[in-house]
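Now for the letters of each chain:
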Amino acid sequence: MVIIAKPKKFNLRLMVQIFFFTLIALISVNKTLAATGMGIPFLSTASLHALCPFGGVETLFSLVTTGLFIPKTQISAVILMGLVFLLALLFGPVFCGWVCPLGAFQEWIGKIGKKLFKKRYNHFVPTKVDKVLRYLRYGVLVWVLTVTAVSGTLLFVNLDPYHALFKFWTGTVALPALILLVFITIGSLFVERPWCKYTCPYGALLGLFNKIRIFKIRRKTETCVSCQKCSRSCPMNIDVCRNETVSSLSCISCYECTSDRNCPKAETLLVQATQKSPQVSIAVVAIVMLTVFIGGIVGSMALGIWSSKTNDQGSGGKNNGNGQKIKVEMQEEVTD
Ligand code: SF4
Ligand code: SF4
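Think of each chain on its own: its residues are numbered from 1, step by step along the sequence as written. Each chain gets a letter, beginning with A, and each ligand a number, beginning with 1, in the order they are written. Totals for whole chains, interfaces and linings use every residue, but because this is a predicted model, local features are given only for residues with pLDDT of at least 70 and side-chain atom pairs only at 80 or more, for both listing and counting. By convention in this description, side-chain values take in all heavy atoms of the structure and omit both hydrogens and water.

**Q** Before we move on, can you summarise the packing of aromatic side chains with the specific residues and values?
**A** What describes a pair of aromatic rings is the distance from one ring centre to the other and the angle between the planes of the rings. Here the aromatic set is Phe, Tyr and Trp, taking the six-membered ring for Trp, and pairing holds for ring centres within 6.5 Å; pairs whose planes are under 30 degrees apart are stacked, those over 60 apart are edge-to-face, and all others are tilted. Taken as a whole and judged by the stated rule, the model has 13 aromatic pairs. Judged by centre distance (5.4 Å) and plane angle (25°), the rings of phenylalanine 91 and phenylalanine 215 are stacked. In this pair, phenylalanine 91 is assigned in helix α3 (residues 75-91) and phenylalanine 215 in the loop between α11 (201-207) and β1 (216-219), connecting sequence segments 124 residues apart. The exposure classification of phenylalanine 91 matches that of phenylalanine 215, with both residues buried. Taking 5.5 Å as the distance between ring centres and 70° as the angle between the ring planes, the aromatic pair formed by phenylalanine 95 and tyrosine 202 counts as edge-to-face. Of this pair, phenylalanine 95 sits in helix α4 (residues 94-99) while tyrosine 202 sits in helix α11; the two residues are 107 residues apart in sequence, bridging distant segments of the chain. Side by side, phenylalanine 95 and tyrosine 202 carry an identical accessibility label, which is buried. Here a set of aromatic residues connected by ring pairs shows up, and it is made of Phe21, Trp108, Tyr162 and Phe166. Note on conventions: DSSP H or I runs of at least 4 residues are helices, E runs of at least 2 residues are strands, and numbering of each starts at the N terminus. Residue exposure (1.4 Å probe, protein chains only): buried if accessible area is under 20% of the type maximum, exposed if over 50%, otherwise partly exposed.

Right under this line is the structure:
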């Protein structure tokens, strides 16, 4: 008997994830190369914090109250923050599901876990413990915003696994951040996206948009056969099969549940503004997302608003933590 292998279905989200992961990795390497005069032409040498939309959230308090950016952040981070919020208002936290390199990294490590543990993967944490742990990231969010506002510095960088992931080879990453990255990497072998689920402050903030997003994931009960494949495919363990509309704070808008790789019934899990409005395809979500990102960056460059040059690169000022503004002439003590 000849067994014909099923052709692999094209995974658009994976392509987008690889693109953003590679871009951030190259920029990170380029910053170090540029310091030796061997930078890659036309590629940004910006600090990772200047390109992180959460940096925009962290610097907002300082910007509003003192008119200064927290060291290592810039207007670029604030612009990216605005673009991510706009997308979250439309489609939920697509940044988490499609763009965030740390989210993608955990997912890729998780593929090994899936091979090792099969159906047990992502079901090791007892439901009651999981429920309690999911509140942890809100505590982390409040803590990060408070210490940043009070100190006027990016104290979170000493714990930030995103920074550790792209800078571990430079010898400039704080030990707690490296240890946390190791924990997350090992944890991802058992639990899908453990950092996103339990600790990420940005994921906590973006998750709130699931309550007000315009385009929601809706399950058509007339065609659903309750096979639970959508629930099983969800990296965040959301019971999609028992909900008519997904509004969980944990949803990362990866749209795995709606994919025909997972739901066997066509036109059953739909992305719609209302039950009666036309459905939006995942390709359209991806096109809108990339257009908003690229258009927003190019547009703000054309308007002369965009700048990712941080004060460690020779401009701006910083708050010394005692409320005094001092000019930065030396390399930052918080290294990048
Ligand atoms: S929850 Fe945090 S780490 Fe996870 S994808 Fe979102 S921003 Fe990235
Ligand atoms: S509910 Fe669907 S879109 Fe949301 S995280 Fe789960 S699989 Fe992804």
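**Q** Residues and numbers for the packing of helix α2 (residues 53-66) against helix α7 (residues 136-151), please.
**A** Each pair of packed helices can be summarised by the angle the axes make with each other and by the distance between the axes. As a rule, the C-alpha atoms of each element are fitted with a line to give its axis, helices using only the stretch in contact, and angles between N-to-C directions run from 0 to 180 degrees. Where α2 contacts α7, the two axes come as close as 8 Å, and the packing angle between them is 50°. On the basis of their axis angle, the class for α2 and α7 is oblique. Remark: the crossing between α2 and α7 carries right-handed chirality. Taking contact as the criterion, the partners of Phe54, Val57, Glu58 and Phe61 in α2 are, on α7, Leu141, Val144, Leu145, Thr148 and Ala149. Split by residue class, the contact of α2 with α7 holds seven nonpolar, one polar and one charged. For classification purposes, angles smaller than 35 degrees are called roughly parallel, those larger than 145 roughly antiparallel, those between 65 and 115 roughly perpendicular, and all remaining angles oblique. Crossing handedness follows the turn of the near helix against the far one: under a right angle anticlockwise gives a left-handed crossing, and clockwise gives a right-handed one. The contact criterion used throughout is that any non-hydrogen atoms of two residues lie within 4.5 Å. Here the term charged refers only to Asp, Glu, Lys and Arg, the term nonpolar to Ala, Val, Leu, Ile, Met, Phe, Trp, Tyr, Cys and Pro, and the term polar to all other amino acids, Gly among them.

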